[in-house]
Amino acid sequence: MRWALNRLALAITSMVALAFLVPLAVATRQIAHDRAVSDARQQATSLVTVLGVDADPTLLTNAVASTAAGSAGRLAVHLPDVDPIGVSHTDAGQISLAAQDRRSVLAPAPDGIAYLQPTVLTDGRTVVVEVYVPDAEMRRGVWTAWLVLGGLAIVLVAGSTLLADRLGGQMVRATRQLAQSTRRLGGGDLATRVEPVGPRELRDAAHAFNTMADDLRSLLDKERELAADLSHRLRTPLTALRLDAEAMPPGPVADRMRQACDLLDEELEAIITGARLGVEARGQERTDLVEVLADRLAFWSVLAEDQERPWEVVGGDVPVMLPLPRSELILVVDAMLGNVFSHTPERTAFRVSISPTGLLVDDAGPGIRDPAHAVQRGVSGAGSTGLGLDIVRRAASESSGELVISRSPLGGARVGILFPVS
C-alpha cells in the first residue's frame, strides 16, 4: 500500500509538473527571442534618429561604432549606391525587398536572424538599418531558466512523494497494528487491544475491534461462570452418592465407591476453580500432562482391575508441559481412556505411551472403522455422540498438536495427540 501511494503521488505530481513545465519552457524561449529582437529594434531606432539628423557616411561610421551591436560587428547601414557601413550578415535581395516595402522585417541570416529597419531620408532616399541577432543571443538565459524550472519540478515531485510516503507510512502502520492484533486475538490473547491511530476510517475500525474484544472476553467469562455453576450443581447428587457409599457395609465395593466419590469431588472442585478463572489467567496457565495422566490412571486402574484388563504405561520420565488448564487436560485424558473402556470388551489390553512428542493410547479391541466420522459430534457411529474425541481434537489444536486416529500395534485402535518437535 505504501509503495502504491508513492507511485500514485509520483505519477500525479509528474503529470502536473509536465503540464506546467512544457508551456513555461516554450514561453521562456519565446521571451528570450522577443528580448533579443527588442534590443535589436532599439539599436536600429537609435541609428534611425541619427540618420534623420545627418546622413554623412563619416558621421554614420562613428555612430555605428558607438553602438553595442556595431562594436560587436552586428550592425550595418545600407545607403543607396554605397557600400554598407558596418558589417552586413544578410544578402542584398533581402535589403532591397525591405527598402521597397518600407517596413521592418526579420530576415534569415547565417546562425541567426537580421532585423531590417528601413527609413526615408529628407532627400527621398531609402536607407535600411540592419541589426544582426545571433542564435546565441536569442537563447541567452534559456538554459539557466530551464534548469531552474527542472530543479523546481524535481523538488516539488520529491516533496509530494515524501509527503505521500509519510501519510502512507501512518496508514500502513495502523493497518499492520490492526492485523497483528487480530492475529493475536485469534490466537487466544484476549487482552490485546489496538491504539486508534491513522485516518478516521482506521480509527473507527480500531474502536470497533476493541469493542469486539471486550464483548468476546465478557462472553467467554460468562460461559466459564455458567460452566462453573453447572459443575457446582452436580455437588448435590454427589453428596447423595457419598451418603449412600458411607451407608454401605465395609468391603472392597464400598471402598471403591468412597474412593470414586472422593476423586469425583476433587475433579468437580478443579473444574469449578478453572472455569472461574479469567480468560487472561487461563491463557497463561500451563499443566504437566504426565502428572495429570498419573492421577487419572489411578482412577481408571480400579475399573481396569475389575474388568481384568492388562495395561501398561510407556514413558513419563520427563514432564510434558502444555498451555492448557488442568481441568481441560483431565477431560482429554478421561476421553482417551474412557474410549477404551466404552468401545472394547472386558479383558481387552491397552497401553498408554507418554513422551514430549505426544500421548498415545493403544488397545487390542476391534478398532475404529471410520476415523473421519469418529470426531464429529452425533455421527460417530459407535453408539456415542463423538464428543470425547472432539474434546481431544480441540485440545490438540490449542496445544499446536495433531489428533491421531489409526490402527494400533496391538491390533485395535490408536488414539492420541502428537506434538511438534521443538
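Everything numeric in this text was worked out from a predicted model, so none of it was measured.

Draft legend 1. Layout of helix α6 (residues 142-186). Taking 1.5 Å of rise per residue, 45 residues should cover 66 Å, and α6 covers 64 Å from first to last C-alpha, within 8% of that figure. Residue G188 follows α6 closely and has a positive phi angle near 110°.

Draft legend 2. Fine view of the side chain of T126. With respect to the helices and strands, the residue T126 is situated in strand β5 (residues 126-134). Here T126 falls in the buried class, since its relative accessible area comes to 16%. Among the polar contacts listed, one links the side chain of T126 to the side chain of R102, at a separation of 3.5 Å. Contacts of T126, omitting those with residues within four sequence positions, involve H78, P80, A99, R102, P118, T119 and V120.

Draft legend 3. Up close: the sheet that holds strand β4 (residues 112-120). The strand order across the open sheet built from 5 strands is β2-β1-β5-β4-β3, with neighbouring strands paired in antiparallel fashion. With partners counted over all chains shown, the strands left at the sheet margins are β2 (85-86) and β3 (105-109), one partner each. As paired strands, strand β1 (residues 75-78) and β2 are joined by 2 bridges and run antiparallel to one another. From the neighbouring strand, V77 faces β2, where its bridge partner is I85.

Draft legend 4. Structural context of the pattern of salt bridges. Taken as a whole and judged by the stated rule, the model has 13 salt bridges. A salt bridge links D390 to R393; the shortest N-O distance between them is 2.7 Å. Here the residue D390 and the residue R393 both occupy positions in helix α14 (residues 387-398), the gap between them amounting to 3 residues, near one helical turn. The network of salt bridges with common partners includes E312, R351, D362 and R414.

Draft legend 5. Quick peek at the pairing of strand β10 (residues 358-363). Judged by how many residues are buried, β10 sits mostly within the fold: 6 of 6 residues are covered. As paired elements, strand β9 (residues 350-355) and β10 share 6 bridges and run antiparallel to each other. The residue of β10 that forms the bridge with V352 is V361. Pairing between β10 and strand β12 (residues 413-418): 5 bridges, direction antiparallel. If you follow L360 over to β12, its bridge partner there is G416.

Draft legend 6. Representation of the packing of helix α11 (residues 289-306) against helix α12 (residues 326-343) within the structure. At their nearest, the axes of α11 and α12 sit 10 Å apart, and the two run at 35° to each other. Crossing angle aside, the handedness with which α11 passes α12 is right-handed. When α11 is examined against α12, the residues L289, E291, V292, L293, D295, R296, L297, W300, L303 and A304 are found in contact with a partner set consisting of R326, L329, I330, V333, D334, L337, G338 and F341. Within the contact of α11 with α12, the residues separate by chemical class into 12 nonpolar, 1 polar and 5 charged.

Draft legend 7. Inspection of α11 at higher detail. For α11, spanning 18 residues, the distance from its first C-alpha to its last is 26 Å, which sits close to the expected 26 Å at 1.5 Å a residue. Of all bends in α11, the biggest is about 30°, found at W300. Listed in full, the buried residues belonging to α11 are L289, V290, V292, L293, R296, L297, W300 and A304. The distance from a side-chain oxygen at the start of α11 to the backbone nitrogen of V290 is 3.1 Å, and the residue carrying that oxygen is D288. In the stretch just after α11, E308 is the one whose phi turns positive, near 55°.

Draft legend 8. Examining the UniProt feature "transmembrane region" (unreviewed entry) in the chain more closely. Taking the UniProt record as the reference, the feature "transmembrane region" (unreviewed entry) is found at residues 143-164. Across residues 143-164, the secondary structure splits into 100% helix and 0% strand, with the terminal C-alpha atoms separated by 31 Å.

Draft legend 9. Summary view of the nonpolar core. Ranked by internal contacts, the top residues of the largest apolar core, which has 33 residues, are L289, L337, V352 and L359. Mapped by element, the contributors of at least two residues to this core are α11, α12, β9, β10, α14 and β12. Here this core takes 9 residues from α12, the largest share from any one element. Residues in contact with L337, not counting those within four places in the same chain, are L297, W300, F350, V352 and V361. Residues V37, A44, V133 and M138 belong to the second largest nonpolar core, which totals 22 residues.

Draft legend 10. Region of interest: the sheet that holds β9. Across the sheet, 5 strands lie side by side as β7-β9-β10-β12-β11; this open sheet has mixed pairing. Single-partner strands in this sheet number two, and they are β7 (311-315) and β11 (402-407). Strand after strand, the sheet turns through a mean of 10° between neighbouring axes, direction not considered. The sheet contact formed by β7 and β9 spans 5 bridges and is parallel. The partner of G315 across the bridge, within β9, is I354. Against the sheet, α11 contacts β7, β9 and β10, and its axis sits at roughly 170° relative to β9. Sitting on the sheet, α12 is in contact with β9, β10 and β12, with an inclination near 15° to β10.

Draft legend 11. Examining unusual backbone geometry more closely. Non-glycine residue D111 carries a positive phi angle of around 60°. Among the secondary structure elements, D111 is positioned in the loop between β3 and β4. Residue D111 is classed as exposed on the basis of its relative accessible area, which comes to 62%. At R347, a position not held by glycine, the phi torsion is positive, near 70°. Mapped onto the fold, R347 is located in the loop between α12 and β9. Residue R347 is classed as exposed on the basis of its relative accessible area of 56%.

Conventions adopted
- Residues numbered from 1 in each chain as written.
- Predicted model: local features only at pLDDT ≥ 70, side-chain atom pairs only at ≥ 80, totals over all residues.
- Heavy atoms only, no water.
- Helix = DSSP H or I, 4+ residues; strand = E, 2+ residues; numbered from the N terminus.
- Expected span 1.5 Å × (residues − 1).
- Buried < 20%, exposed > 50% of the residue type's maximum accessible area, 1.4 Å probe, protein only.
- Polar contact = N/O pair within 3.5 Å; in protein donor to acceptor, adjacent residues only side chain to side chain.
- Contact = heavy atoms within 4.5 Å.
- Pairing = 2+ DSSP bridges.
- Salt bridge = Lys/Arg side-chain N within 4 Å of Asp/Glu carboxyl O.
- Axes fitted to C-alpha atoms, helices over the stretch in contact; angles between N-to-C directions.
- Left-handed = near helix turned anticlockwise from the far one by under 90°.
- Nonpolar A, V, L, I, M, F, W, Y, C, P; charged D, E, K, R; others polar.
- Bend = angle between axes of the 7 residues up to and from the residue.
- UniProt positions renumbered as here; feature names shortened; annotations may be inferred.
- Core = buried A, V, L, I, M, F, W, Y, C linked by side-chain atoms within 4.5 Å.

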